[in-house]
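Take a look at the letters that make up each chain.
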Amino acid sequence: MRRAFIISIPYLWLIALFLIPFGIVFKLALSDMAISIPPYTPTLDISGGWAGFKDFLSQLDMENFIWLKEDNLYWKAYLSSVQIAFVSTLLTLLIGFPMAYGMAQAPKEWQATLMMLIILPFWTSFLIRIYAWMGILSNEGFLNQFLLWTGIIGAPLQIINTNLAVYIGIIYTYLPFMVLPIYATLEKLDPSYLEAAEDLGCSRTQAFWAVTAPLSKPGVVAGCFLVFIPVVGEFVIPSLLGGSRTLMIGKVLWDEFFSNRDWPVASAVAVILLLILVIPIILFQKQQERAQEAET
Amino acid sequence: MKLSLTTTIAALLASTLMAASEEVRVYNWSDYIDEALLTKFQDETGIKLIYDVFDSNEVLETKMLAGSSGYDVVVPSGAFLSRQIQAGAFQKLDKSKLSNIGNTWDDIEARTDVYDPGNLYSINYMWGTTGIGYNVGKVKEALGDNAPADSLALVFDPANMAKLKDCGVYFLDAPTEMIPAALKYIGEDPDSKDIDVIKKAEAVLTSVAPYVQKYHSSEYINALANGDICVAFGWSGDVLQARDRAAEAENGVEVEYAIPSEGALMWFDQMAIPADAPNPDGAHKFINFILDAQNMAAASNYVYYANGNKASEPYLEEDVIGDPAIYPPAETVSNLYVTTAYGPKAQRVVTRMWTKVKTGQ
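Values in this document were obtained by computation on a predicted structure and should not be read as measured data.

Rules and cut-offs
- Residues numbered from 1 in each chain as written.
- Chains lettered and ligands numbered in written order.
- Predicted model: local features only at pLDDT ≥ 70, side-chain atom pairs only at ≥ 80, totals over all residues.
- Heavy atoms only, no water.
- 1 Å grid on protein atoms, 1.4 Å probe; cavity = no way out; pocket = protein on both sides within 12 Å on 5 of 7 lines; lining within 4 Å.
- Points joined across faces, edges and corners; volume = space filled by probe spheres on them.
- Helix = DSSP H or I, 4+ residues; strand = E, 2+ residues; numbered from the N terminus.
- Nonpolar A, V, L, I, M, F, W, Y, C, P; charged D, E, K, R; others polar.
- Domains from an automatic or database assignment.
- Contact = heavy atoms within 4.5 Å.
- Buried area = accessible area lost by both parts, 1.4 Å probe.
- Salt bridge = Lys/Arg side-chain N within 4 Å of Asp/Glu carboxyl O.

A. Expanded view of empty space enclosed by the protein. Evaluation of the coordinates by the stated rule reveals six cavities of 30 Å³ or more. Together, 34 residues line the largest cavity, and N57(B), S77(B), E177(B), W235(B) and W267(B) are the ones closest to its centre. Among the elements of the structure, α4 (78–86), α9 (175–185) and β9 (265–272) of chain B are those that each provide at least two residues to the lining of the largest cavity. The leading source of residues in the lining of the largest cavity is β9(B), at five residues. Residue composition of the lining of the largest cavity, by class: 16 nonpolar, 10 polar and eight charged. When residues of the lining of the largest cavity are assigned to domains, at least three map to each of domain 1 (2–128 + 269–327) and domain 2 (129–266 + 339–359) of chain B. Around the second largest cavity sit M33(A), A34(A), I35(A), N260(A), R261(A), L65(B), R83(B), A87(B), Y342(B), G343(B), P344(B) and Q347(B), which together line it. Class assignment for the residues of the lining of the second largest cavity results in seven nonpolar, three polar and two charged.

Written as structure tokens, this is what we have:
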């Protein structure tokens, strides 16, 4: 009994916080827009009983998904979001891994301080930090003024309102999410493995690739997920730092929701976005499980 | 320790009780009031005022249509107001609670009647035009002394825009403002609901899109004032606020506002009370407070927008009432146009076109 109760907790959590909201969004995606409060139809009227429910169901259709298929804007936006997320994840990994490695190698008494330094930016609101970047990157901003002062450039660089500014913002914001899980795995790594590798004739570089890299994989994977998934749906950073040509699905979703007041199509966009994110993750986990089974 | 805990709890309770006392939540456009008025309202009425801001009608409309926004007074623009009235988002004003109702300006009410027949649901807060804000020195530098700063050609002729690109041009991120302007430029009806006509605006907007640095509806105030950009297609008072900020900063930036000679959009921001407002009584008190001639004048003197309050005129400063960019002379007014709401189908075309213009997709 108690065991069943304990097992049921994560499932209840999943149902309450994922499946039910998803069901609501999915139902919305099958509705039609209307000028009313809320701006869609049909709405479920419980007092109608079973007949009312059947009537409600009969009004739902896949029209909005067909609409998405017909306009290539949506696919381009998905693709461009995934691409931006992929490049940012890669760059965050390239910067984050050495940082995490350096932290794990640092003397024990420093580690707490280093950890603190990684977490410290979270104490300032995310929005304020992005606004600070606007101040740094703008044409009359700190960076350009500094570069002009040193004489490296003759005219201000156009960084704000470009994709470069979006990448800078994303990498800056998401770096801790990459560093922390990698650090957590590297910190637990038993140094005697490395000693054994060196005893067996590995150079330090070889030992890194043969021992440290594979053992840090769980941290790297966790870090990549933590960066990739939210970046795909990122809205705030591209809208504040990006230019009008930065096409991301978050912005398209915003337009559907706010400019068109078309909640049903916005929901359909969100459902597809979820599928794009969830399916590769499930496939990845299946593949991991198979790989683990093959090992044992 | 115990004592301090008790006091903390007492303080918390007290503050919740205070919160339980009367409060009014107002949702208005950003940079749109003299903040001294907010304190004045609280001092005069003892009602706690919570004042939030937005910078696009779309954001407000989504909150209204979602329902239970929690706001008591909101300030949508004409076309959006009329659609929200249709959706049942507002309650009729109880004019018996508005002792200052006689202060309103009938000329303005005659115009807002299009959106809110009989002015039953709303009262004009402020009105203005959408036009060209420019950095005098930089535009001269880019286009010479004869720069057509008072013509839509400045922003819709690719030849001019190509020269302005390097000093920076911002457009409003509001298709309902930009598309009518583009239609006006090519001599079409700016308020057209005909999809074929609306689509003609696309070519105009696309031809200058490569030269637009950003589409945004509030950042241009600071960008103009700092000298980051040289032209913004934006709202009259916002540009004039930029002019003042630049003057105050003494940074050598001179900003001017021009109503395009081809004609400009005249818009009206209307105070209304949501149907589900938690405190409609307080909302009426707030609207009545704003309707007071001196308060309304203080707001206009501060934000450089004309208001719909005839009685406030004696209290307006000379650089407000005397500025043709704020209170345009009759012949300019006759050249201004208004727009009404798009239906769902035209709206979708408009939004899609806008995305295409902005992103090239």
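B. The side chain of E256(A), seen in detail. Looking at the secondary structure, you find E256(A) in helix α13 (residues 249–259). For E256(A), the contacting residues outside a window of four places in its chain are Y74(A), R261(A), D262(A), V265(A), A266(A) and R348(B).

C. Molecular detail of the domain arrangement of chain B. All names here are of chain B. In terms of domain boundaries, chain B breaks down into domain 1 (2–128 + 269–327) and domain 2 (129–266 + 339–359). One C-alpha centre belongs to domain 1, the other to domain 2, and the line joining them spans 28 Å. Every contact between the two is made by 20 residues of domain 1 and, on the other side, 24 residues of domain 2. Both faces considered, domain 1 and domain 2 share a buried interface measuring about 1800 Å² in area, 52% of it formed by carbon and sulfur atoms. Contact with domain 2 buries area across many residues of domain 1, yet G128, Y304 and Y305 alone supply 28% of it, more than any other trio. At the surface where domain 1 touches domain 2, the tally comes to two salt bridges. The closest approach of N and O atoms between R245 and D31, which form a salt bridge, is 3.1 Å.

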